[in-house]
Amino acid sequence: MNEGSRHNQPPRTERLSYLDALDRVMAIASFRVDGALCHANANYLRMMGMTHEEAQGRLHSSLCTPALLATSRYHDIWAQLCAGTAYSGVVERVRSDGRSCWMEATYSPVLDAQGQVVEILKIATDITARRTQEQAQKAHLQRLSLIADATDTAVIMSDASSRIVHVNGGFSRLFGWHAEEILGQDPITLLSPKLHDGFVQTYRAQLRGGLPVEREEIVVTKTGRRYWIKVVSNPILDDAGQLLFTVSMLTDITRAKMHEALQYRGLEAMARERPLSDVLETICKEVERIAPEITASILEVDAFGMMHPLAGASLPASYSQLLDGLSIGPQAGSCGTAAWRNQAVFVEDIANDPLWTDYKHLALPLGFRACWSTPIQSSEGRAIGTVAFYYRQTCSKAWTEFHQQLADVCVHLCALALEREHARSRIRQLAFYDGLTGLPNRSLLQAQANQAITLAARDKQALAVLFIDLDRFKPVNDSMGHPAGDELLCNVAACLLQALGPSDMAGRLSGDEFVMVLSQTDAEQATSTIERLQEQLANSLVVAGKPLAVSASIGIAMFPEDGRDMDTLLQRADMAMYQAKNAGRGLFSFFSDEMNRLAQERRTLETALRDALKNQELHLHYQPQIELASGQLYGVEALARWTHPELGPISPARFIPLAEECGLIADIGRWALGEACRQLAQWRTQGLRVPSVSVNLSPSSFHDLDLPDMVAQTLQRNALLPQDLTLELTESILLDTNPSTMKTIEAVHAHGVRLSMDDFGTGYSSLSYLRRLPVSELKLDRSFVADLEHNESARALSNAILGIGQSLHLTVVAEGVETLAQRSMLGMQGYPVAQGFLFAHPLAPSELTEWLLQQGQTTTEVEKVGHSSKL
Ligand SMILES: Nc1nc2c(ncn2[C@@H]2O[C@@H]3COP(=O)(O)O[C@H]4[C@@H](O)[C@H](n5cnc6c(=O)[nH]c(N)nc65)O[C@@H]4COP(=O)(O)O[C@H]3[C@H]2O)c(=O)[nH]1
């Protein structure tokens, strides 16, 4: 107490001396009944932040909070004090700096001798610090409780006897029960009544041992809804290690768990390369395990909008069969409608829902009352299938979200499995089927045919392999365009498929080559199949909107006579096809030993020809060409000759086509060109007059873009001029579609080398093509010349060909002139040049030199060669 306060002390009384004793520790103040402060000790002044002067006369009400003054309570208490009733309690007062301070105070009325209240004595303890701490703690606890209630994790606190003592708000929200409904119940009996006893025992023993327990389980809520939850239970023990409480936290892991369980099983089945139906069946089973109230099924929707059941073992097979092939549509049950709308369809009442009008008679007898179908979408968003959940009892609302989640996971997995299957079948299709016609390709055909051959061998039955090559496919392709060619091939493929029996097969090897394998078929049956096929090809094909008669050359090899495996049979059917093709169009031929012998011979000859070319065993003979009017030598044609050491001389008619087939013809062309130019140059140096040399080139020689340069270099090397050389082309060049051909021909022509069209009139003879080719010469085929004497139309044709040549300013050379009569007829028709045995056979270079000398065909002109007695 300060000095000033000691001076103002009232006279000592018994009570004041008691107060004095408390002065050191307590805050003490006294107020008059009007509320004015008349005394305050140092503790009080410190607590209120006031000086003695400031305190003096201060009204008690000015020290109270406005909130307190606003109530009647303050005035009531003060009135009671003035009436002589004391008051104790915790009060809040306002310090002079405006802050609140809290005190535990006792207000005691002081009476005078007459028993009148003269003062109110206040003795107080400052509890501001404690109060602030308590308030902070309270706020903290409030926050904690808010957190505990706001979290989605459900918290259950149970006592040592497994009775629920507390649940948080999260629990009520998740499971639907309020605390008061379930306090005292066993949480396991409440949520997981089906949990088996053994597990419950172990679980409780573990907690009693002070160990936390974690588990995942399916629990049921107040409304029957199911959740997959993760439970973490922590024991709270007392100091003696006895279990006091268990705090369990339950988290909803339904979605994650469904993904995990379904995906694990589904993906595992896929990873193990199980068939699609197995993968989908696994998914259905898993769905039914998770939600036993569901009967699951999966349908595929094909490109034509037809449904095909893929899985759903719990549905009766007869029901699934009835669904197979049904169309999706706006009112096609749950699945057909879901696929049609490409959105989930939930029919709660199959019996009365219009979507099921046409199908309820299938589902109701099986006891199904509701059906929920969700479309399975491809990565482009197209409905490629549906997942259906059938219900035998009314579908509870509580299941909805759970089943929705289940359906979501299912459709994703099914989409993956279906798309994977589609990709695999596409890969299979690309690997084993021809992209254009969809027929098996060579590999698949080979594999399937070998199986068929094994069966035929086991059952001792015949089998026929047909090698089919279309006739004149190339001209159709060239003249009508490739799309038409493709259409033709597809139509032919369709014809082949039509001709197949149930155990037969057809495939496309390449281009216009097809194969059929006819099981249990002897030669006679194969013949009638082929005749039917030819008939169909000739009469029923339409290409580019127009009917087109097609024929094919067909070779047949029979199992077991012609071979015991597909390779051999195919090769022999191919040989037989060649035989048929050579015999004409639209024919078929069976493989024979003779054919085989010829094929072997051909192979031997091919090897020998390669060697001959390499070892320079080929030679050129030269046949003179004579100008009919003057008898002068017009030129010579170089003709290849080959004498095989054992087989003797082999005709070019045999080895040239062989060289063409085995890819040697371009080499022969290059060699002939070089050799003919060298020989011409040699004759020239010998003083022999040979105006030019003609060299035969096959169409494939013109595929070589280097040919023009090679020709130019050859001429230069031999000091010859371009007009010294003529290149003979055959009419087949007109069918050549190689893009290099026309370029090469034009470049050769641009060099000044002449081009001659050989065997004119026998082949394609399209005059429009002829106009496009820069030829300078036509050679009338010797078949016309041979018939000249006896056949009027041959005469007319040779006349016409001469006319064509003249009108196009081309020299026309008549080939194969053997008789004087032919010569004179050609002379009369106006043919300028002729070639044939009448004048000279093709001659070896030395023989030609001799012939030239005999004819006087040196640089001095010879007169009248054709009239020479030597002829
Ligand atoms: N009956 C008869 N035949 C006559 C008469 N005058 C000539 N011949 C024959 O007629 C053929 C004319 O040759 P080609 O029409 O170009 O027909 C040639 C030609 O297309 C081809 N050839 C020959 N050598 C070559 C060559 O080096 N390269 C190419 N690509 N083909 C060649 O082989 C075919 C056949 O040649 P060869 O057997 O030498 O047959 C030659 C020749 O010997 C006759 O009065 N009567």
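Worth saying up front: this structure is predicted, and the values here are computed from it rather than measured. (Residues numbered from 1 in each chain as written. Predicted model: local features only at pLDDT ≥ 70, side-chain atom pairs only at ≥ 80, totals over all residues. Heavy atoms only, no water.)

This part is about the pairing of strand β18 (residues 513-519). One face of the sheet, then the other: side chains in a regular strand alternate in exactly this way. Counting buried residues in β18 gives 7 out of 7 residues, a clear majority hidden from the surface. Across the two faces of β18 the burial is the same, with Glu-513, Val-515, Val-517 and Ser-519 and Phe-514, Met-516 and Leu-518 all buried. In terms of strand pairing, strand β16 (residues 463-470) meets β18 through 7 bridges, oriented antiparallel. Among the inter-strand pairings, Leu-463 is bridged to a residue of β18, identified as Ser-519. (Buried < 20%, exposed > 50% of the residue type's maximum accessible area, 1.4 Å probe, protein only. Helix = DSSP H or I, 4+ residues; strand = E, 2+ residues; numbered from the N terminus. Pairing = 2+ DSSP bridges.)

What follows concerns the side chain of Lys-122. Inspection of the secondary structure puts Lys-122 in strand β5 (residues 117-126). For Lys-122, which is buried and forms no salt bridge, the nearest opposite charge comes from Asp-126, at a distance of 11 Å. Engagement of the side chain of Lys-122 in a polar contact is seen with the side chain of Tyr-107, the distance being 2.8 Å. (Lys, Arg positive; Asp, Glu negative; His and termini not counted. Salt bridge = Lys/Arg side-chain N within 4 Å of Asp/Glu carboxyl O. Polar contact = N/O pair within 3.5 Å; in protein donor to acceptor, adjacent residues only side chain to side chain.)

One finds Leu-725 and Leu-727 to be the most contacted residues of the largest nonpolar core, which totals 76 residues. The element that contributes the greatest number of residues to this core is helix α25 (residues 665-685), accounting for 9 residues. In contact with Leu-725, other than residues within four places in its own chain, are Leu-673, Cys-677, Val-693, Val-695, Val-711, Leu-715, Val-753 and Arg-754. Counting 38 residues, the second largest nonpolar core, distinct from the first, contains Leu-280, Ala-291, Cys-410 and Leu-413. (Core = buried A, V, L, I, M, F, W, Y, C linked by side-chain atoms within 4.5 Å. Contact = heavy atoms within 4.5 Å.)

With 12 residues, helix α27 (residues 739-750) extends 18 Å from end C-alpha to end C-alpha; this agrees with the ideal 16 Å at 1.5 Å per step. Those residues of α27 lying buried are Ser-740, Thr-741, Thr-744, Ile-745 and Val-748. End-on, the buried residues of α27 take up no more than an arc of 130°, which puts them together on one face. When the buried face of α27 is taken as reference, the exposed residues oriented beyond 90 degrees from it are Pro-739, Lys-743 and Ala-750. On its buried face, α27 is in contact with α26 (707-717), β27 (725-729) and β28 (754-760). Trailing α27 by a residue or two, Gly-752 shows a phi angle of about 100°, which is positive. (Expected span 1.5 Å × (residues − 1). Arc of directions from axis to C-beta.)

Read these as spatial facts, not as claims about activity.
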